[in-house]
Amino acid sequence: MCGIVGILGTKPVAIDIVDALRRLEYRGYDSAGIATVENGLLDRRRAEGKLRNLETRLMSEPLKGHVGIGHTRWATHGRPTEVNAHPHMTDKVSVVHNGIIENYRDLKEDLTAKGHIFQTETDTEVVVHLITDEMRQGRKPVEATQRALGMLRGAFALAIIFAGEDNLMIGARQGSPLAIGHGQGEMYLGSDAIALAPFTDTITYLEEGDWCVMTRTSVQIFDRDNRAVERPSIKSVASSLLVDKGNYRHFMLKEIHEQPEVISHTLGNYIDMAAGCVKFPSMGIDLAGVTRVTISACGTAYYAGVVAKYWIEKYARVPVEIDIASEFRYREVPLAPGGLSVFVSQSGETADTLEALRYCKRNGQIIAAVVNVRTSTIAREANAVLPTLAGPEIGVASTKAFTSQLSVLACLAIAIGRARGTIDAAKEQELVKALTELPRHVATMLHDESFYEGLAHEISKARDVLYLGRGVNYPIAMEGALKLKEISYIHAEGYAAGELKHGPIALIDENVPVIVVAPEDDLFDKTVSNMQEVAARGGQIVLISDAPKEKAGCRLLAHIKMPKAHPFTNPLLYAVPVQLLAYHTAVFMGTDVDQPRNLAKSVTVE
Ligand code: G6P
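Residues numbered from 1 in each chain as written. Predicted model: local features only at pLDDT ≥ 70, side-chain atom pairs only at ≥ 80, totals over all residues. Heavy atoms only, no water.

Draft legend 1. Structural context of the nonpolar core. If you look at the biggest cluster of nonpolar residues, it comprises 95 residues, and the most contacted ones within it are Val293, Trp311, Ile312, Val342, Ile416 and Tyr467. Here this core takes twelve residues from helix α18 (residues 570–589), the largest share from any one element. There are two domains that each give this core at least three residues, and those are domain 2 (251–445) and domain 3 (450–589). The next biggest cluster of nonpolar side chains, apart from the first, holds 27 residues, and it includes Val127, Ile131, Leu158 and Phe162. (Core = buried A, V, L, I, M, F, W, Y, C linked by side-chain atoms within 4.5 Å. Buried < 20%, exposed > 50% of the residue type's maximum accessible area, 1.4 Å probe, protein only. Helix = DSSP H or I, 4+ residues; strand = E, 2+ residues; numbered from the N terminus. Domains from an automatic or database assignment.)

Structure, rendered in structure tokens:
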């Protein structure tokens, strides 16, 4: 997945395109590029790596066109080189693309046979040649593009400009998001509204299969059958969401520190603090009648879903099926009509999660979406939206979005339990009280991080790190391992503590730190036994627990002392030290914390 931008402007647009791309770098940062039309000719600048490389290039070799497109890339087809960087172009047309053209091999073969010469390893280049081919046969840009679009299979958001056309841009959307921004005598395209926020807050989202023909003063939208259609314009709130790092060294650290506030804000939407009960939106879902729940998501959002499985099964006594979305969507899961399906996604655009949602919808499920971006495709396709109020999350490694997702899911578990009568009003009050105390506990974890800096030094020496957890804290062990590997590049695995002896124990020696997530709950003693097994083999144990370190019964490399909280909310609370440990290890190792290599924040390809 990549970020794309297009501007039909009244002055040179390259600087504004760079500005918009900066806000899309979360979608990928393998390379960046811009093309404009200048004196009727297409010209482009591209650079490998981060956007700043392109900026440097533009300083010495500026682009002056008033119509232009830009791209920030997360490589799928072809290495992240300058040759493979977008925009791709011929003498007639230039294209930026987010998504994957699945039939590009067949198309490339046909076009090569017709004499087209390909220069890149990308799938996108076929789009350029298809349109060029149509234009060579005498067709005008709009008709040529319409015919080319009809030949493409797969997922795409496209922005297209043409030589000799200083007042024309075409956009198309199938499977990847694309927004039109309406300016004063200017027009914009962008992968999201945040990219366009400095220029306009009037946004039209293209729907699946739509394409549009734009000038500086007009937009015509067509559906997949090429019928002219109207799509609503909305006032975007994205401009109020523009963010900077403040006094923090990284966005990730800032977002970790925002957690007390965003958890509190999110909880405020779902619980009545004074009455001590959940106030769940009716959602058109009969929670009392829920007999089965399916959950699907990717990455960190998936681990939030696994925690929810423990909560919903324990408190609402409903069986929960959960799988990562890329597996779920192809498993042909049998679903009885009327079940509740919950999709968890920060971006609301993750391709696999979206397809899993569509599978469930086709199979008669009621769809609830726990999303951070309310205007996202997943939000729009759900029957009920349960927003997380985390604000924009910029760091690629998810932190505050995760704890906000857990906050919503905790309330959902209580709401289903109450509706089904598996928890009474007193239990509801107890659980709600535990949630309301949570922001305060999280805040205490953030007062002094010097301890983590020292520990990070030790962890950074390791080649492998194991994370162990049990019960509802097992997903936190998996999330801790994911955080560490994402940003420090140290290999890490999260395991159910009881599973240790069935394999991972073979890895343990004095060079392998083992991070044990073990609040002093009814499973604590079992986890302590697993810790002894590690200690007996020389493993270096870091215990994260509210229990005194003496209770470990073995030598510890470190003890992260946690505040005592209700067991219900421990997954939320214990997410914080694993985030901090990963963050400080990565900082110590000098990696790019906010934009770790090979990753992207929003994954709109399969
Ligand atoms: C990417 C991100 C992760 C995120 C996952 C799911 O892998 O790097 O941080 O958890 O996608 O994204 P979503 O937007 O659906 O939560």
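From this point, the discussion proceeds with the structure in view.
Draft legend 2. Broad picture of the environment of Pro475. With respect to the secondary-structure elements, Pro475 resides in helix α16 (residues 474–488). Residue classification places Pro475 among the buried positions, given a relative accessible area of 0%. If we skip the residues at most four places from it in the chain, Pro475 touches Tyr303, Val306, Val307 and Tyr310. (Contact = heavy atoms within 4.5 Å.)

Draft legend 3. Spotlight on the layout of surface pockets. What the second largest pocket holds in volume is close to 670 Å³. Together, 33 residues line the second largest pocket, and Cys298, Gly299, Thr300, Ala600 and Val603 are the ones closest to its centre. Contributions of two or more residues to the lining of the second largest pocket are made by α9 (299–316), α10 (325–328), β20 (340–345), α11 (351–362) and α16. Per-element accounting of the lining of the second largest pocket gives the leading share, five residues, to α9. Per-class residue counts for the lining of the second largest pocket are 16 nonpolar, twelve polar and five charged. When residues of the lining of the second largest pocket are assigned to domains, at least three fall in each of domain 2 (251–445) and domain 3 (450–589). (1 Å grid on protein atoms, 1.4 Å probe; cavity = no way out; pocket = protein on both sides within 12 Å on 5 of 7 lines; lining within 4 Å. Points joined across faces, edges and corners; volume = space filled by probe spheres on them. Nonpolar A, V, L, I, M, F, W, Y, C, P; charged D, E, K, R; others polar.)

Draft legend 4. Summary view of the site of the ligand. Around the ligand, 13 residues are found, and the nearest of them are Ser345, Gln346, Ser347, Thr350 and Ala600. Here Gln346 contributes a backbone N or O atom positioned 2.7 Å from an oxygen atom of the ligand. Contact between the ligand and Ser347: an oxygen atom at 2.6 Å from a side-chain N or O atom of the residue. When the free accessible area of the ligand is taken as 390 Å², the share hidden by the protein chains comes to 91%. Broken down by element, the residue count for the shell around the ligand peaks at three residues, all from α9. Each residue belonging to the shell around the ligand can be placed in one class, and the counts come to five nonpolar, seven polar and one charged. (Near = heavy atom within 4 Å. Polar contact = N/O pair within 3.5 Å; in protein donor to acceptor, adjacent residues only side chain to side chain. Areas by Shrake-Rupley, 256 points an atom, 1.4 Å probe, with all protein chains shown as cover.)

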